Amino acid sequence: MIALCLVAEPADAQDALSVPSSAGALAVETVATGLENPWSLAFLPDGRMLVSERPGRLRIVSRNGTVSAPVDGLPPVFARGQGGLLDIALAPDFESSRLVFFAYAEPREGISGTNVARARLVEEAGTARLDKVDIIFRQQPSAGGASHYGARLVFDRDGALFVTLGDRFSLRDKAQDLSTHLGKIVRILPDGTVPANNPFRAAGSARPEIWSYGHRNIQGAALDPVTGRLWTVEHGARGGDELNHPEAGKNYGWPVISYGRDYGGAAIGEDTAKPGMEQPVKYWDPSIAPSGLALYTGDLMPAWKGNLFVGALAGGRLVRLKLDAAGSEVVEEEALLTELKERIRDVRQGPDGALWLLTDSAQGRLLRLAPPE
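Residues numbered from 1 in each chain as written. Predicted model: local features only at pLDDT ≥ 70, side-chain atom pairs only at ≥ 80, totals over all residues. Heavy atoms only, no water.

S.K.: Describe the packing of aromatic side chains, with residues and values.
M.R.: Applying the stated criterion to the full structure yields eight aromatic pairs. Ring geometry for Phe101 versus Phe155: centroids 5.2 Å apart, planes at 80°, classification edge-to-face. Taken as a pair, Phe101 in strand 7 (residues 99-108) and Phe155 in strand 10 (residues 153-155) lie far apart in primary sequence, 54 residues in all. Of the residues examined, Phe101 reaches a relative accessible area of 1% and is grouped as buried. Since its relative accessible area comes to 13%, Phe155 is described here as buried. When the centroid spacing of 6.0 Å and the interplanar angle of 75° are considered together, the rings of Phe200 and Tyr213 count as edge-to-face. Residue Phe200 is located in the loop between strand 12 (184-188) and strand 13 (210-213), and its partner Tyr213 is located in strand 13; the two are separated by 13 residues in the primary sequence. Phe200 gets classed as buried once you look at its relative accessible area, which sits at 12%. (Phe/Tyr/Trp six-rings, centres within 6.5 Å; stacked < 30°, edge-to-face > 60°. Helix = DSSP H or I, 4+ residues; strand = E, 2+ residues; numbered from the N terminus. Buried < 20%, exposed > 50% of the residue type's maximum accessible area, 1.4 Å probe, protein only.)

S.K.: I'd love a proper account of the sheet that holds strand 18 (residues 290-295), names of residues and values included.
M.R.: Spatial strand order, 18-19-20-21: four strands in an open sheet with antiparallel pairing. Here the strands that pair on one side only, and so sit at the sheet edges, are strand 18 and strand 21 (330-336). Averaged over all adjacent pairs, the angle separating strand axes in this sheet is 20°, with direction ignored. Taken together, the four bridges between strand 18 and strand 19 (residues 308-312) define a ladder with antiparallel strand orientation. (Pairing = 2+ DSSP bridges. Axes fitted to C-alpha atoms, helices over the stretch in contact; angles between N-to-C directions.)

S.K.: Break down the pattern of salt bridges for me, with residues and values.
M.R.: Following the criterion strictly, the structure yields 29 salt bridges and no others. Among the ionic pairs, Asp156 bridges to Arg187, the shortest N-O distance being 3.0 Å. Placement of the pair is Asp156 in the loop between strand 10 and strand 11 (161-164) and Arg187 in strand 12, with a sequence separation of 31 residues. Assigned by exposure class, Asp156 and Arg187 land together as buried. The partner of Asp177 in a salt bridge is Lys174, and the shortest N-O contact between them spans 3.7 Å. In the salt-bridge network here, residues are joined through shared partners; they are Glu36, Glu53, Arg57 and Arg59. (Salt bridge = Lys/Arg side-chain N within 4 Å of Asp/Glu carboxyl O.)

If you want it as structure tokens, here you go:
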């Protein structure tokens, strides 16, 4: 495709669209187009954006929508099915360290697994590259197939890194097995070592990186900067998508309990609840296939401060969730951008207070959602 080797042009201003919402009319601006299955978005300090494309490319997008040539230096990526280049996150000290963290599906002798690597972003003479790539985490065991890799990256307030990991579909029972990374959230330090206060650090055969378990395929994660609480959204099977705030050492049930059913219609596991297993804050049936999650803290849309925003691959929408004062229950839900009829892969709050979205297609778009100027 021509878009893979040439610098894409900014989207035309005429692509702006007015859409209704509970906060009044909002403007949807198409900032960039021609991105192939974009997966993740991270804002650089100067307002430009790093955007990952699942086939294995990393781009830099200017505020006016100019898309760079691919950044050099990425390791080999297993770009099949749901695999590929996935989430990206800047180090908390990026301005001085220039470190970028990224999750991807690694090819492993005919099978694959989720990796996390870090590298230094170097820009010079009009080009960009990743220098000194260091793999800091490899999900174990590897698995066949090309589904359920996770993988979102979120730094906590202590500088440790949460990594969400899928159950790889065919190995779903391993989500309850603490000797594996499958169906887990892990928490590591930026060099890949294990924090001293991880819940299973001294638990015998358990993997010390594990933070929580019993997850299916988490593709959205965000941290509340005030409380430090981690929020996640994960895919169910046929129904049973979940919103959770995973806590240290807790079991979230998959596949022993679930509000979904198998794709063939059969029941999954034992029931929808069981002692010792956590209930979701919310579940969706039918599925929305959630991907991307942001907790809004900006002033541009004050009515929505403290709300969660979830991208939806099924049904083509952005979902707004209002929580109660305790943050324990969803008290309001709103479907936004249904007019677009596009799969929303990622959602982020920008430094300008707007919501920025990626649409998942071979001609994916970078969108900005904000009140009209």
